[in-house]
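# Coordinate analysis (summary)
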Amino acid sequence: METNQYLEMFLDESKEHLQSCNEHLLELENNPQDLAIVNEVFRSAHTLKGMSATMGYEDIADLTHKMENVLDAIRNSKIEVTTEILDVVFKAVDYLEEMVLDIEAGGTGKKDVSELVSILNRIEAGEHVAEASSAAETAAAVLEEATDIPAAPAMDYDEFELTVIGQSAEQGFTAYEVTVELREDCLLKAARVFMVFEILEKSGEVIKSIPNVEQLENEDFDEKFTVVLLTKEDVGSISAKVMKVSEVEHVQVLPIYVESLKEEKRAKEENASKLIVEEAETKQKPAKEETAKQQSKRSTAASHSNKTIRVNIDRLDVLMNLFEELVIDRGRLQSIATELHNPDLNETVERMTRVSGDLQNIILNMRMIPVETVFNRFPKMVRQLARDLDKKIKLEIIGAETELDRTVIDEIGDPLVHLIRNALDHGVESPAERIAKGKPEEGTVTLRAYHSGNHVFIELEDDGAGVNRERVLAKALERGIITEESAATMTDKQVAELILASGFSTAEKITDVSGRGVGLDVVKSTIESLGGYITIDSKEGQGSLFQVQLPLTLSIISVMLVELDKDIYAIPLSSIIETAIIQTSDIMNAHNQKVIDFRGNIVPLVNLKDIFEMEDGDVRSDGFQSVVIVRKGEKLAGLVVDSFIGQQEIVLKSLGNYLQSVFAISGATILGNGQVALIVDCNALIK
Amino acid sequence: MPELVGQDTVKSIVFQLLDKEYAMEVDVVEGIEKLMSITRVPKTPSYVKGVINLRGVVTPIVDLRERFGLETKEMDDNNRIIIVSLQDFEVGLIVDAANDVIDIPLRSIEPQPEVVGSVESEFISGVVKLDKRLLVMLNLDKVLQPLKRVSSDEY
């Protein structure tokens, strides 16, 4: 089979399924009694197995198959969920992820899974759960008996299938198990199967087949196969129709009665839960209620799913680029229209501006994806790290549905990993320490995302030790980041922010979790390169709060255009508080620094021409100066410019790799007249 | 140029700076433009003249005369911007004039002599003698080292 065209789809879907495995396994760890979760994991694993086998990735199929067996044993209550078993299953999922990534990177997806497979085999055989096994075995025996009694419908149905059958029964459809036997000398089994399916699908809907469709297509079965058909026709006409297909030896049509199936299933579940009751009577009820709740939640979620299509992100990028060109031309049209004063032209341009504004919103929205895509790998990471560090840590995620531009999402993952590692390693204390301090044994780390204005905030809060002022100051002094004099006058917040300074790492013991020397300064610079800020709030002994502020989108921003010595510069509106024209006589001097009194605040003045080393046309003769008040965090500064031009939406362009870092310039844009204007990086101007 | 072994000639663009002729492989050249308006970029070395809008792409411009420490002159109609594309960036080079495109036999490329005018020798990958012309082959990777941290010592 030509599989290349399906590769991308396979990769996408595999990742989705692995992710859902991870999520549900974590859920399972918290509610080990909830067999519905096992079913979810099982379903994902099963799909993955089918897909990978079709694509020819044997190792993945192998491993998922073994994993599936273990899960199957769990959901049939043959083995009990323990942390050890979950560890192995997690490891299996890890392996699978690695293999999928390998395939994505162009590899073969091969990996030595024999060791893991043998462990899984042992678990499946019940080796690790010796005590529970005797009880479980009897239960299994009971189960087998139960399944043996109703001989007729031989297939197993999961809950979803039962629901489908039940619902269609309400609409007048009857479900049949159609068993078709082909002649032994049948040559083209796949073709016959196809014909049978075609006939069946004309009279109703096929919802399940054993063996599954792929195996049927590959002629991977003997003479017999069974399908479940939902139809309004009766037994006789179905079997007559199927018999018309040549080389069909025998057809057996058996009606399926949902009630009996459900009862059977219930009996199974009751048997299973009885055991649990014996072992953990108290836990049973809430767990069951929760199961019910979760199931109802799941089903409503399914019914609300929207119709979507997968679009390659490259296409969206191309669309965005084209739109950027359009924005540039729009700017140009606007400036031509203002010069010509033609009312018709003005009106048209205005309309076009409105429409393209809407278009811009839609395109930007299309590129937005929930931060969930980044967040969802953290629970597993935290679980693993906490185990490695011997700490008890709970991760709470709030606002995972908050949306961000894809470019930001791509970049934000690593810094967040770093922050979380830092919080786990240096923030949260060991259980013994926590108890000694009178805190709950289990530490809590909260990851929060929310929108506010044109920004997205991501916060990481822990209830750990917080920043130790003395230790940080001592370290900063030792590293020469600050001086003795400044140390004494620093506020706690300033001290906390020292840990973001480059060349700073407070961990006394270098661990492989965090503190490899690169430290948090990398986080800071990455976030700043995205046009964001990071701040720290910390109370010693009570924990720390890292707040990351990010722009919603990176490519189109609103700016204020200003003139400096005949060149045009753009200042991002997001940094601007307001503009002002001040009298030269209002400028005061404080320690060689020009300052103004701005609404009660002393604001330092920065002469952009000095900063950019331009020839200064000296102070304007009319005794007034144009000042743009900008901010960085809570700090303000007044940028002195020649004149204001106006506000405009611009497309952010990079200066390219040749000019990698120009002081106080974050990029460039192309104006309506085709000229390049540079974008001022206000963050660099405020210390 | 070892990477070109196997070919007999290398197609090169010949351009002029002051009274000397220089050459660079045509493969790296994206195009030749007339002078257009350049936006200055502050706090960069003096040889970085600024950036231009090259069909929607912001492209940095380097004045080769200043890069080589030659005397500067007023721009005129002969001046050209040669757009070159290296590994991961594009840069425009201001030259006095772009003269022609010729095939240079590989055999005629010689290692640079000990002293070649005032151009710093690290920028040169070889010299070519063709009839009566002397062409200096440029080592563009050295000429166009990315400006990582622009500091005062580069002025």
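Residues numbered from 1 in each chain as written. Chains lettered and ligands numbered in written order. Predicted model: local features only at pLDDT ≥ 70, side-chain atom pairs only at ≥ 80, totals over all residues. Heavy atoms only, no water.

### A closer look at the interface of chain B and chain A
Stated formally: In this description, contact between two residues means that some pair of their heavy atoms is separated by no more than 4.5 Å. Defined here as a combined quantity, buried area equals the accessible surface (1.4 Å probe) lost by two parts on assembly, summed across both. The salt bridge definition used is simple: a Lys or Arg side-chain nitrogen within 4 Å of an Asp or Glu carboxyl oxygen. Any pair of N or O atoms that falls within 3.5 Å is considered a polar contact. Within protein, one atom must be able to donate a hydrogen and the other to accept it, and sequence-neighbouring residues count only if both atoms are side-chain atoms. Secondary structure elements follow DSSP: runs of H or I of four or more residues count as helices, runs of E of two or more count as strands, with numbering from the N terminus. Lys, Arg, Asp and Glu make up the charged group, whereas Ala, Val, Leu, Ile, Met, Phe, Trp, Tyr, Cys and Pro make up the nonpolar group; the residues left over, Gly among them, are polar.
If you look at the interface, chain B gives 28 residues, while chain A gives 23 residues. At the boundary of chain B with chain A, total buried surface from both sides reaches about 2,300 Å², with 58% on carbon and sulfur atoms. Of all residues in chain B, the largest losses of buried area upon contact with chain A belong to B:Arg40, B:Lys43 and B:Val58, amounting jointly to 27% of the total for that side. Across the chain B-chain A interface, the total number found is two salt bridges. With its nearest N and O atoms 3.6 Å apart, the salt bridge here joins B:Arg40 to A:Asp565. For the pair chain B and chain A, the interface holds five residue pairs in polar contact (both at pLDDT 80 or more). Contributing elements (two or more residues each) for the side of chain B that touches chain A: strand E4 (48-54), strand E5 (57-63) and strand E7 (89-95) of chain B. Taken together, the residues of the side of chain B that touches chain A sort by class into 17 nonpolar, six polar and five charged.

### Things to note about unusual backbone geometry
The line we're drawing: Residue burial is assigned from relative accessible area. The probe radius is 1.4 Å, only protein chains are included, and a residue is buried under 20% of its type maximum, exposed over 50%, and partly exposed in between.
The phi torsion at A:Asn592 lies on the positive side, around 65°, for a residue other than glycine. Structurally, A:Asn592 is set in the loop between strand E15 (588-590) and strand E16 (593-598). What makes A:Asn592 exposed here is its relative accessible area of 82%. Phi angles above zero are rare outside glycine, and B:Lys43 is one such case at about 55°. Relative to the elements of secondary structure, B:Lys43 occurs in the loop between strand E3 (29-34) and E4.

### Here we look at the confidence of the model for chain B
Fine structural detail should not be taken from predicted coordinates in areas where pLDDT scores are low. All names here are of chain B. Keep this limit in mind: Known as pLDDT, the predictor's confidence for each residue is given on a scale from 0 to 100.
Averaged over chain B, the pLDDT score is 81; the fraction of residues at 70 or greater is 85%. When mean pLDDT is taken per element in chain B, E7 scores highest with 92 and strand E9 (residues 109-110) scores lowest with 83. Confidence drops under a pLDDT of 50 for residues 150-155, and excluding neighbours within four residues, the segment shows twelve contacts in the predicted structure.

### Considering the sheet that holds strand E2 (residues 20-25) of chain B
Our working rule: Two strands form a pair only when DSSP identifies at least two bridges running between them.
Ordered by their spatial adjacency, six strands build an open sheet running E8-E1-E2-E11-E10-E9 (chain B), and the pairing between neighbours is mixed. Of all strands in the sheet, those bounded by a partner on one side alone are strand E8 (97-105) and E9 of chain B.

### Examining the nonpolar core
Most often, soluble globular proteins keep nonpolar side chains buried together rather than apart. Inclusion rule: Put simply, buried Ala, Val, Leu, Ile, Met, Phe, Trp, Tyr and Cys residues joined by side-chain atoms within 4.5 Å make one nonpolar core. What counts as a domain boundary in this text is fixed by an automatic or database domain assignment.
Within the largest apolar cluster, 68 residues are counted, with the highest numbers of intra-cluster contacts made by A:Tyr658 and B:Leu144. Counting contributing residues per domain, this core is built from domain 3 (314-367) and domain 5 (556-685) of chain A, each supplying no fewer than three. If sequence neighbours within four positions are ignored, B:Leu144 has contacts with A:Tyr658, B:Val62, B:Val84, B:Leu86, B:Phe89, B:Val91 and B:Leu93. A:Ala386, A:Val417, A:Ala496 and A:Leu530 belong to the second-largest nonpolar core, a separate cluster that totals 51 residues.

### Here's the deal with the packing of helix H2 (residues 35-55) of chain A against helix H3 (residues 58-75) of chain A
Residue and element names in this part refer to chain A. This is how it is decided: Note on geometry: axes are lines fitted to C-alpha atoms, helical ones only across the stretch in contact, with angles between N-to-C directions running from 0 to 180 degrees. The cut-offs work like this: below 35 degrees is roughly parallel, past 145 is roughly antiparallel, 65 to 115 is roughly perpendicular, and the gaps in between are oblique. Helix crossings fall into two classes, left-handed where the near helix is turned counterclockwise from the far one by less than a right angle and right-handed where it is turned clockwise.
Contact geometry of H2 with H3 gives a least axis separation of 9 Å together with a crossing angle of 160°. In terms of axis orientation, H2 runs roughly antiparallel to H3. In the crossing of H2 with H3, the sense of the turn from one axis to the other is left-handed. Facing Leu35, Val38, Asn39, Val41, Phe42, Ala45, His46, Leu48, Lys49, Ser52 and Ala53 of H2, the residues of H3 in contact are Ile60, Ala61, Thr64, His65, Met67, Glu68, Leu71, Asp72, Ile74 and Arg75. Partitioned by chemical class, the residues of the contact of H2 with H3 number twelve nonpolar, five polar and four charged.

### Things to note about helix H17 (residues 406-427) of chain A
Residue and element names in this part refer to chain A. Operational definition: By this rule, a helix spans an expected 1.5 Å times one less than how many residues it contains. For a residue, the bend is simply the angle between two axes, fitted respectively to the seven-residue segment ending there and the seven-residue segment starting there.
Here H17 contains 22 residues, and its C-alpha end-to-end distance of 30 Å stays within 8% of the 32 Å for a straight helix at 1.5 Å per residue. Taken as a whole, H17 carries its principal kink of about 35° at Ile412; the proline Pro415 stands between one and four residues after it. Of all 22 residues in H17, 16 are buried; the element is thus mostly enclosed.

### Some words on the sheet that holds strand E6 (residues 393-398) of chain A
Each strand in a sheet pairs with its neighbour through backbone hydrogen bonds, running either in the same direction (parallel) or in the opposite one (antiparallel). Residues and elements named next belong to chain A. What the five strands build is an open sheet, ordered E6-E8-E9-E11-E10; its pairing is mixed. If you trace the sheet from one side to the other, it starts and ends with E6 and strand E10 (533-539), each paired once. Ignoring strand direction, the axes of neighbouring strands in this sheet form an average angle of 15°. The pairing of strand E9 (residues 455-462) with strand E11 (residues 543-551) spans eight bridges and is antiparallel.

### So, the packing of aromatic side chains
What describes a pair of aromatic rings is the distance from one ring centre to the other and the angle between the planes of the rings. All names here are of chain A. Filter applied, for reference: Aromatic pairing here means that ring centres of Phe, Tyr or Trp (its six-membered ring) are within 6.5 Å. Orientation follows from the plane angle: under 30 degrees is stacked, over 60 is edge-to-face, and everything else is tilted.
Taken as a whole and assessed by the stated rule, the structure comprises seven aromatic pairs over all chains. Taken together, a centroid distance of 6.1 Å and an interplanar angle of 40° make the contact between Phe375 and Phe378 tilted. Residue classification places Phe378 among the buried residues on the basis of a relative accessible area of 0%. For the pair Tyr450 and Phe457, a centre-to-centre distance of 5.4 Å together with 15° between the ring planes defines the contact as stacked. Owing to a relative accessible area of 28%, Tyr450 belongs among the partly exposed residues under this scheme.

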